[in-house]
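This is what each chain is made of:
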Amino acid sequence: MIHQLIFAAPKPGMSEEEFHRYWLEEHAVRYASKIPQIKRYAVNTRVALPGDAEPLWNGIAEIWLENEEDQLASLQTPEFLQGARLDEPNWAAFWRSVVLDTDTEVVVQGRPENQAQPGIKVIILGKRREGMSREEFRRYSRSTHAPLVAAVPGVRRYYQSFTRDAWYGISEPSFDVAYHVWFDSVDNLQAARRSAEQAQVEADYKNFLNEQYVHTLPMQQHWIVGPEAR
């Protein structure tokens, strides 16, 4: 299963609130969800927290497709070409969008995959440090970094999404991984950020990540198609 992430920002002159509303109420429902190859589809809208820097992106789409054949077919459908693609300039600064195709691995299951996880989700984007191979990076992420994140107080669900190998045959992708970490509430997230365990997580970044390219995005997940796959 391909787990695609699309990072988007509002077009010039559109507020974040307008951007979120249009994406959820117009684009997602009228256009993107109609693409038949999409098995599951969620839109994550940014949650602004005190002290956080202005983000590069204000929302993230998550799309699940069965395989490469379905993905290619989806880009040739009228629902995409005459619908979702044409609608994009109405709300998104498409020149700022970033797309990642990933393979997602479960570290902390939380609720079953076909059930919505309540609360808030933090997505952390990372790029491996210079001189580290993809294999070394993924091995370290799985065996050393993952247990540190899982030990942070309040973590309810935790996935690691690694950029698929095929992307490296084209060019070096912007990011090598997206971590998805769920908490029950904003208060739980803020408490976790103050914990000694989270300090260990962040101290570990230097061991395998290029810290210039770490982006942390608190999000509210909204299911458009799913969580049960169609």
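Here the residue numbering is sequential within each chain, running from 1 through the sequence in written order. A pLDDT threshold of at least 70 governs which residues receive local features in this predicted model, and a stricter bar of 80 or more applies before side-chain atom pairs are shown or counted, although totals over entire chains, interfaces and linings include all residues. Derived side-chain values reflect all non-hydrogen atoms in the structure, with water molecules and hydrogen atoms excluded from consideration.

Visitor: A description of the packing of helix α4 (residues 134-150) against helix α6 (residues 196-204) should follow, citing residues and the corresponding values.
Guide: To define axes, lines are fitted to C-alpha atoms, for helices over the stretch in contact only, and angles between the resulting N-to-C directions are given on a 0 to 180 degree scale. Numbered from the N terminus, helices here are DSSP runs of H or I no shorter than four residues, and strands are runs of E no shorter than two. Orientation of α4 relative to α6, taken along the N-to-C sense of each, is 155°, at an axis distance of 8 Å. Comparing their axes, α6 and α4 come out roughly antiparallel. Taking contact as the criterion, the partners of Tyr140, His145, Leu148 and Val149 in α4 are, on α6, Gln200, Val201 and Asp204. Here the contact of α4 with α6 is composed, by residue class, of four nonpolar, two polar and one charged. Roughly parallel refers to an angle under 35 degrees, roughly antiparallel to one over 145, roughly perpendicular to one between 65 and 115, and oblique to any angle outside these ranges. Two residues form a contact once any of their heavy atoms are found within 4.5 Å. Three classes are used: nonpolar for Ala, Val, Leu, Ile, Met, Phe, Trp, Tyr, Cys and Pro, charged for Asp, Glu, Lys and Arg, and polar for all others, with Gly counted as polar.

Visitor: Account for the pattern of salt bridges, with residues named and values stated.
Guide: A side chain with one charge may pair with a side chain of the opposite charge, provided their charged atoms come close. Salt bridges are defined by distance alone: a side-chain nitrogen of Lys or Arg within 4 Å of a carboxyl oxygen of Asp or Glu. Tallied over the full model, the rule gives 16 salt bridges. The salt bridge partner of Glu17 is Arg21, with a shortest N-O separation of 3.9 Å. Here Glu17 and its partner Arg21 are both found in helix α1 (residues 16-31), four residues apart, which amounts to about one turn of the helix. The buried label applies to any residue whose accessible area, calculated with a 1.4 Å probe on protein chains only, is under 20% of its type's maximum; exposed applies above 50%, and partly exposed to all values in between. Relative accessible area serves as the criterion here: at 58%, Glu17 is assigned to the exposed category. Judged by relative accessible area, Arg21 falls into the partly exposed class, the value being 38%. In this structure, Glu62 engages Lys121 in a salt bridge whose closest nitrogen and oxygen atoms are separated by 2.6 Å.

From the geometry alone we can't say anything about function, so treat these as descriptive.
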